[in-house]
Amino acid sequence: MAVTTGSERARGALSYLRRKISTGEWAVGERIPIEPELADQMGVGRSTVREAVRSLASMGMLETAPGRGTFVRSASPTSSLLDEFLADFSLEEILSYRRALEVEAAQQAALHRSDEDLAALEQATIEEVGCSRCPVLSLTDSGEGAFDSRFHRLIFDAAKNRLLAALYAGINDQLRTPQHRGRLANVATGAEMERDHQRVLEAIRKRDFIDAVHAMVDHVDHDVVIVNDQQEVVPPLARTPEQQQRIDDVRDGRPAIV
Ligand SMILES: [Zn+2]
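A quick note: this is a predicted structure, and the numbers were derived from the prediction, not measured.

Cut-offs used in this document
- Sequence positions are assigned chain by chain, starting from 1 and proceeding in written order.
- Two thresholds apply to this predicted model, a pLDDT of at least 70 for residue-level local features and 80 or more for giving and counting side-chain atom pairs, whereas whole-chain, interface and lining totals are computed over all residues.
- Secondary structure elements are taken from DSSP: a helix is a run of H or I of four residues or more, a strand is a run of E of two residues or more, and numbering for both begins at the N terminus.
- As a rule, residues whose C-beta atom has 12 or fewer other C-beta atoms within 10 Å are exposed, those with 20 or more are buried, and those in between are partly exposed; C-beta atoms are placed from the backbone.
- Residues are defined as contacting one another if the C-beta atoms placed from their backbone atoms lie within 7 Å.
- The quantity known as pLDDT measures the predictor's confidence residue by residue, on a range of 0 to 100.
- Only strands that DSSP links by at least two bridges are regarded as paired with each other.
- Note on definitions: angles span 0 to 180 degrees between N-to-C directions of axes, and those axes are lines fitted to C-alpha atoms, for helices only across the stretch in contact.
- By definition in this entry, angles of less than 35 degrees are roughly parallel, angles greater than 145 are roughly antiparallel, angles of 65 to 115 are roughly perpendicular, and the rest are oblique.
- Each crossing gets its hand from how the near helix is turned against the far one by less than a right angle, where anticlockwise is left-handed and clockwise is right-handed.
- Note on residue categories: nonpolar means Ala, Val, Leu, Ile, Met, Phe, Trp, Tyr, Cys or Pro, charged means Asp, Glu, Lys or Arg, and polar means any other residue, Gly included.
- For this entry, the nonpolar core is defined as buried Ala, Val, Leu, Ile, Met, Phe, Trp, Tyr and Cys residues connected by C-beta atoms within 7 Å.

Q: Please set out the overall build of the chain residue by residue, giving values where relevant.
A: Helix and strand content of the chain: twelve helices and five strands. Out of the 258 residues belonging to the chain, those deemed buried represent 35%. When contacts within the chain are restricted to residue pairs at least 6 apart in sequence, those whose partners lie at least 24 apart make up 70%.

Q: Can you break down the confidence of the model for the chain residue by residue, with the values?
A: Looking at the chain, the pLDDT average stands at 82 and 85% of residues meet or exceed 70. Confidence, read as mean pLDDT per element, is least for strand β5 (residues 233–234) in the chain (66) and greatest for helix α2 (residues 35–42) (94). Between residues 139–147, whose pLDDT stays under 50, and residues either more than four places distant or in other chains, the model counts 17 contacts.

Q: Account for the pairing of strand β1 (residues 62–65), naming residues and giving values.
A: Remember that side chains alternate between the two faces of the sheet whenever the strand is regular. Sheet topology note: the β1/strand β2 (residues 69–72) ladder contains four bridges and is antiparallel. In the sheet register, Ala65 faces β2, and the bridge partner there is Gly69. Here β1 folds back onto β2, and the loop between the two strands holds three residues, one of which, Gly67, carries a positive phi near 80°.

Q: Please provide a residue-by-residue account of the packing of helix α10 (residues 190–205) against helix α11 (residues 209–223), values included.
A: Taken N-terminus to C-terminus, the directions of α10 and α11 make an angle of 165°; their axes are 8 Å apart at the nearest point. If you check the angle between α10 and α11, you find them roughly antiparallel. Pair α10 / α11 crosses with left-handed handedness. Contact residues: α10 offers Asp196, Arg199, Val200, Ala203 and Ile204, while α11 offers Asp211, Ala212, Ala215, Met216, Asp218 and His219. Each residue belonging to the contact of α10 with α11 can be placed in one class, and the counts come to six nonpolar, one polar and four charged.

Q: Kindly report on the nonpolar core, identifying the contributing residues and their values.
A: Counting 57 residues, the largest nonpolar core has Ala105, Ala109, Ile155, Tyr168, Ile204 and Ala212 as the members making the most contacts within it. Ignoring anything within four residues of it in the chain, the contact list for Ala212 reads Ala106, Gln107, Ala109, Ala110, Val200, Ala203 and Ile204.

Q: Describe helix α7 (residues 150–159), listing the residues and the values that go with them.
A: Most of α7 sits out of view: ten of its ten residues are buried. Listed in full, the buried residues belonging to α7 are Arg150, Phe151, His152, Arg153, Leu154, Ile155, Phe156, Asp157, Ala158 and Ala159. Taken together, the buried residues of α7 touch α1 (6–22), α5 (91–112), α6 (115–127), α8 (162–175) and α10. Positive backbone phi, at 60°, marks Lys160, one or two positions downstream of α7.

Q: Let's hear about the environment of Val129: which residues, and what values?
A: Mapped onto the elements, Val129 comes out in the loop between α6 and α7. In this structure Val129 comes out as exposed when scored by C-beta crowding, with 12 C-beta atoms within 10 Å.

Q: Give a description of unusual backbone geometry that names residues and reports values.
A: For Lys160, which is not glycine, the phi torsion reads 60° and is therefore positive. Here the phi dihedral of Arg207 falls at roughly 55°; this positive angle occurs in a residue that is not glycine. Considering the arrangement of structural elements, one finds Arg207 in the loop between α10 and α11. Given 13 C-beta atoms within a 10 Å radius, Arg207 is considered partly exposed.

Q: Describe the environment of Ala120, naming the residues involved and giving the relevant values.
A: Tracing the backbone shows Ala120 in helix α6. The spatial distance from the C-alpha of Ala120 to the C-alpha of Leu154 is 7.3 Å, given a sequence separation of 34 residues.

And the structure:
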(Lines give C-alpha, C1' and ligand atoms only; values in the text may rest on other atoms or scores of the structure.)
Protein backbone atom coordinates (compact mmCIF):
# COMPACT_ATOMS: atom_id res chain seq x y z
CA MET A 1 0.00 0.00 0.00
CA ALA A 2 1.34 3.40 -0.92
CA VAL A 3 2.16 5.63 1.97
CA THR A 4 1.39 9.29 1.44
CA THR A 5 3.50 11.71 3.40
CA GLY A 6 2.27 15.04 4.71
CA SER A 7 4.33 17.01 2.20
CA GLU A 8 3.04 14.89 -0.72
CA ARG A 9 -0.51 15.55 0.41
CA ALA A 10 0.27 19.26 0.66
CA ARG A 11 1.76 19.30 -2.84
CA GLY A 12 -1.21 17.33 -4.17
CA ALA A 13 -3.67 19.76 -2.59
CA LEU A 14 -1.78 22.73 -3.98
CA SER A 15 -1.73 21.40 -7.53
CA TYR A 16 -5.42 20.38 -7.30
CA LEU A 17 -6.45 23.90 -6.34
CA ARG A 18 -4.05 25.52 -8.77
CA ARG A 19 -5.47 23.47 -11.64
CA LYS A 20 -9.03 24.52 -10.77
CA ILE A 21 -7.91 28.14 -11.10
CA SER A 22 -5.63 27.92 -14.13
CA THR A 23 -8.19 25.97 -16.18
CA GLY A 24 -10.82 28.60 -15.40
CA GLU A 25 -13.10 26.07 -13.69
CA TRP A 26 -12.97 28.59 -10.88
CA ALA A 27 -13.12 31.93 -12.63
CA VAL A 28 -11.31 35.05 -11.48
CA GLY A 29 -13.57 36.91 -9.03
CA GLU A 30 -15.43 33.73 -8.04
CA ARG A 31 -15.63 32.49 -4.44
CA ILE A 32 -14.12 29.05 -3.95
CA PRO A 33 -15.81 26.32 -1.85
CA ILE A 34 -15.34 26.47 1.90
CA GLU A 35 -12.50 24.63 3.64
CA PRO A 36 -14.45 21.52 4.84
CA GLU A 37 -15.87 20.98 1.33
CA LEU A 38 -12.40 21.17 -0.22
CA ALA A 39 -11.02 18.83 2.42
CA ASP A 40 -13.77 16.32 1.49
CA GLN A 41 -13.16 16.70 -2.25
CA MET A 42 -9.45 16.08 -1.90
CA GLY A 43 -9.59 13.57 0.94
CA VAL A 44 -7.16 15.57 3.06
CA GLY A 45 -7.34 17.35 6.39
CA ARG A 46 -8.48 20.93 6.77
CA SER A 47 -5.02 22.07 7.80
CA THR A 48 -3.64 20.78 4.47
CA VAL A 49 -6.31 22.77 2.61
CA ARG A 50 -5.50 25.87 4.68
CA GLU A 51 -1.80 25.53 3.88
CA ALA A 52 -2.49 25.18 0.14
CA VAL A 53 -4.83 28.19 0.17
CA ARG A 54 -2.20 30.24 1.98
CA SER A 55 0.45 29.30 -0.61
CA LEU A 56 -1.85 30.30 -3.47
CA ALA A 57 -2.66 33.56 -1.70
CA SER A 58 1.04 34.34 -1.41
CA MET A 59 1.32 33.74 -5.17
CA GLY A 60 -1.48 36.25 -5.71
CA MET A 61 -3.89 33.64 -7.13
CA LEU A 62 -6.31 33.58 -4.17
CA GLU A 63 -7.44 36.27 -1.79
CA THR A 64 -9.23 35.73 1.52
CA ALA A 65 -11.73 38.39 2.53
CA PRO A 66 -12.51 38.06 6.26
CA GLY A 67 -16.11 37.06 6.79
CA ARG A 68 -16.79 36.71 3.04
CA GLY A 69 -14.67 33.77 1.96
CA THR A 70 -11.79 33.07 -0.37
CA PHE A 71 -11.85 34.42 -3.92
CA VAL A 72 -9.87 33.75 -7.08
CA ARG A 73 -7.74 36.82 -7.65
CA SER A 74 -5.63 35.80 -10.63
CA ALA A 75 -5.45 32.79 -12.94
CA SER A 76 -1.68 32.73 -12.78
CA PRO A 77 0.85 33.61 -10.11
CA THR A 78 1.48 37.30 -9.61
CA SER A 79 4.06 38.77 -7.38
CA SER A 80 3.77 41.69 -5.01
CA LEU A 81 7.29 42.50 -6.13
CA LEU A 82 5.97 42.91 -9.67
CA ASP A 83 3.10 45.08 -8.39
CA GLU A 84 5.55 47.38 -6.64
CA PHE A 85 7.82 47.47 -9.66
CA LEU A 86 5.00 48.38 -12.06
CA ALA A 87 3.66 51.08 -9.73
CA ASP A 88 6.63 53.27 -10.78
CA PHE A 89 5.57 53.39 -14.42
CA SER A 90 3.06 55.56 -16.23
CA LEU A 91 -0.21 54.26 -17.59
CA GLU A 92 1.10 54.83 -21.14
CA GLU A 93 4.14 52.65 -20.43
CA ILE A 94 2.06 49.92 -18.82
CA LEU A 95 -0.53 49.82 -21.61
CA SER A 96 2.19 49.67 -24.25
CA TYR A 97 3.79 46.76 -22.40
CA ARG A 98 0.43 45.01 -22.17
CA ARG A 99 0.12 45.35 -25.97
CA ALA A 100 3.52 43.70 -26.46
CA LEU A 101 2.53 40.81 -24.18
CA GLU A 102 -0.82 40.24 -25.92
CA VAL A 103 0.82 40.16 -29.34
CA GLU A 104 3.64 37.84 -28.28
CA ALA A 105 1.17 35.52 -26.54
CA ALA A 106 -1.02 35.35 -29.66
CA GLN A 107 1.97 34.32 -31.76
CA GLN A 108 3.15 31.75 -29.22
CA ALA A 109 -0.38 30.39 -28.88
CA ALA A 110 -0.57 29.84 -32.65
CA LEU A 111 2.69 27.90 -32.46
CA HIS A 112 2.14 25.91 -29.28
CA ARG A 113 -1.60 25.47 -28.75
CA SER A 114 -2.91 21.96 -28.06
CA ASP A 115 -6.30 20.66 -29.18
CA GLU A 116 -7.52 21.21 -25.60
CA ASP A 117 -6.34 24.83 -25.69
CA LEU A 118 -8.22 25.34 -28.95
CA ALA A 119 -11.41 23.80 -27.54
CA ALA A 120 -11.17 26.06 -24.45
CA LEU A 121 -10.65 29.14 -26.64
CA GLU A 122 -13.63 28.21 -28.83
CA GLN A 123 -15.77 27.81 -25.71
CA ALA A 124 -14.64 31.17 -24.33
CA THR A 125 -15.42 32.86 -27.65
CA ILE A 126 -18.96 31.50 -27.52
CA GLU A 127 -19.40 32.55 -23.87
CA GLU A 128 -18.38 36.11 -24.61
CA VAL A 129 -20.82 36.55 -27.51
CA GLY A 130 -23.30 39.24 -26.55
CA CYS A 131 -20.91 41.16 -24.27
CA SER A 132 -21.21 44.90 -24.92
CA ARG A 133 -17.43 45.17 -25.21
CA CYS A 134 -14.34 43.05 -24.76
CA PRO A 135 -14.31 42.14 -21.06
CA VAL A 136 -10.51 42.12 -21.01
CA LEU A 137 -10.36 44.47 -18.03
CA SER A 138 -13.85 44.10 -16.68
CA LEU A 139 -14.64 45.10 -13.14
CA THR A 140 -17.44 43.99 -10.91
CA ASP A 141 -20.12 46.56 -10.05
CA SER A 142 -18.34 47.52 -6.84
CA GLY A 143 -15.15 48.07 -8.83
CA GLU A 144 -13.35 45.74 -6.47
CA GLY A 145 -13.00 42.09 -7.40
CA ALA A 146 -12.15 41.89 -11.06
CA PHE A 147 -12.63 39.22 -13.65
CA ASP A 148 -10.72 38.79 -16.87
CA SER A 149 -11.81 37.90 -20.33
CA ARG A 150 -11.36 34.15 -20.36
CA PHE A 151 -10.47 34.39 -24.05
CA HIS A 152 -7.46 36.65 -23.44
CA ARG A 153 -6.29 34.61 -20.46
CA LEU A 154 -6.58 31.30 -22.32
CA ILE A 155 -4.34 32.64 -25.08
CA PHE A 156 -1.62 32.97 -22.44
CA ASP A 157 -2.28 29.39 -21.30
CA ALA A 158 -2.02 28.20 -24.91
CA ALA A 159 1.23 30.14 -25.36
CA LYS A 160 2.84 27.83 -22.77
CA ASN A 161 5.04 30.59 -21.44
CA ARG A 162 4.66 31.04 -17.69
CA LEU A 163 6.61 34.27 -17.62
CA LEU A 164 4.32 35.94 -20.17
CA ALA A 165 1.29 34.75 -18.19
CA ALA A 166 2.65 35.99 -14.87
CA LEU A 167 3.60 39.39 -16.29
CA TYR A 168 0.20 39.70 -17.97
CA ALA A 169 -1.64 39.03 -14.72
CA GLY A 170 0.51 41.68 -13.00
CA ILE A 171 -0.13 44.21 -15.77
CA ASN A 172 -3.90 43.66 -15.65
CA ASP A 173 -3.88 44.14 -11.88
CA GLN A 174 -2.05 47.44 -12.33
CA LEU A 175 -4.45 48.68 -15.01
CA ARG A 176 -7.33 48.07 -12.62
CA THR A 177 -5.89 50.22 -9.85
CA PRO A 178 -8.01 53.34 -9.17
CA GLN A 179 -5.36 55.80 -10.39
CA HIS A 180 -5.32 54.17 -13.84
CA ARG A 181 -8.84 52.86 -14.32
CA GLY A 182 -10.62 56.19 -14.77
CA ARG A 183 -8.37 57.16 -17.68
CA LEU A 184 -8.99 54.02 -19.69
CA ALA A 185 -11.69 53.64 -22.30
CA ASN A 186 -12.78 50.41 -23.89
CA VAL A 187 -13.71 51.55 -27.38
CA ALA A 188 -14.36 48.31 -29.28
CA THR A 189 -18.08 47.48 -29.43
CA GLY A 190 -19.34 43.99 -28.68
CA ALA A 191 -19.63 43.28 -32.41
CA GLU A 192 -16.08 44.47 -33.06
CA MET A 193 -14.83 42.38 -30.16
CA GLU A 194 -16.55 39.27 -31.53
CA ARG A 195 -15.11 39.87 -35.01
CA ASP A 196 -11.60 40.47 -33.61
CA HIS A 197 -11.66 37.48 -31.25
CA GLN A 198 -12.96 35.27 -34.07
CA ARG A 199 -10.06 36.35 -36.28
CA VAL A 200 -7.49 35.67 -33.54
CA LEU A 201 -9.13 32.30 -32.86
CA GLU A 202 -9.06 31.39 -36.56
CA ALA A 203 -5.35 32.19 -36.81
CA ILE A 204 -4.58 30.12 -33.70
CA ARG A 205 -6.71 27.26 -35.06
CA LYS A 206 -4.75 27.26 -38.35
CA ARG A 207 -1.46 27.75 -36.47
CA ASP A 208 -1.00 30.86 -38.60
CA PHE A 209 1.40 32.72 -36.32
CA ILE A 210 1.68 35.71 -38.66
CA ASP A 211 -2.02 36.41 -38.86
CA ALA A 212 -2.33 35.74 -35.11
CA VAL A 213 0.01 38.70 -34.57
CA HIS A 214 -1.83 40.98 -37.02
CA ALA A 215 -5.23 40.06 -35.65
CA MET A 216 -4.15 40.71 -32.07
CA VAL A 217 -2.47 44.03 -32.99
CA ASP A 218 -5.73 45.20 -34.58
CA HIS A 219 -7.67 44.13 -31.52
CA VAL A 220 -5.48 45.65 -28.80
CA ASP A 221 -5.20 48.92 -30.71
CA HIS A 222 -8.84 49.62 -29.99
CA ASP A 223 -9.93 47.43 -27.12
CA VAL A 224 -8.48 49.56 -24.30
CA VAL A 225 -7.10 53.07 -24.89
CA ILE A 226 -5.97 56.00 -22.75
CA VAL A 227 -7.33 59.51 -22.75
CA ASN A 228 -4.47 61.67 -21.45
CA ASP A 229 -4.37 65.12 -19.85
CA GLN A 230 -3.76 66.82 -23.20
CA GLN A 231 -7.00 65.26 -24.48
CA GLU A 232 -5.01 62.98 -26.73
CA VAL A 233 -5.82 59.36 -27.24
CA VAL A 234 -3.09 56.72 -26.96
CA PRO A 235 -2.58 54.91 -29.28
CA PRO A 236 -3.62 57.69 -31.74
CA LEU A 237 -5.36 55.55 -34.36
CA ALA A 238 -8.34 56.12 -36.65
CA ARG A 239 -11.69 55.59 -34.95
CA THR A 240 -15.29 55.17 -35.98
CA PRO A 241 -17.74 57.87 -34.78
CA GLU A 242 -19.07 55.41 -32.17
CA GLN A 243 -15.60 54.77 -30.83
CA GLN A 244 -14.93 58.52 -30.74
CA GLN A 245 -18.13 59.00 -28.75
CA ARG A 246 -16.93 56.58 -26.08
CA ILE A 247 -13.60 58.38 -25.89
CA ASP A 248 -15.45 61.69 -25.49
CA ASP A 249 -17.44 60.12 -22.66
CA VAL A 250 -14.20 59.43 -20.81
CA ARG A 251 -12.96 62.99 -21.43
CA ASP A 252 -16.19 64.24 -19.91
CA GLY A 253 -15.61 62.15 -16.84
CA ARG A 254 -17.82 59.23 -17.75
CA PRO A 255 -15.48 56.24 -17.74
CA ALA A 256 -16.41 53.97 -20.61
CA ILE A 257 -14.77 50.90 -19.22
CA VAL A 258 -16.96 48.52 -17.27
ZN1 LIG B 1 -10.52 41.07 -26.47
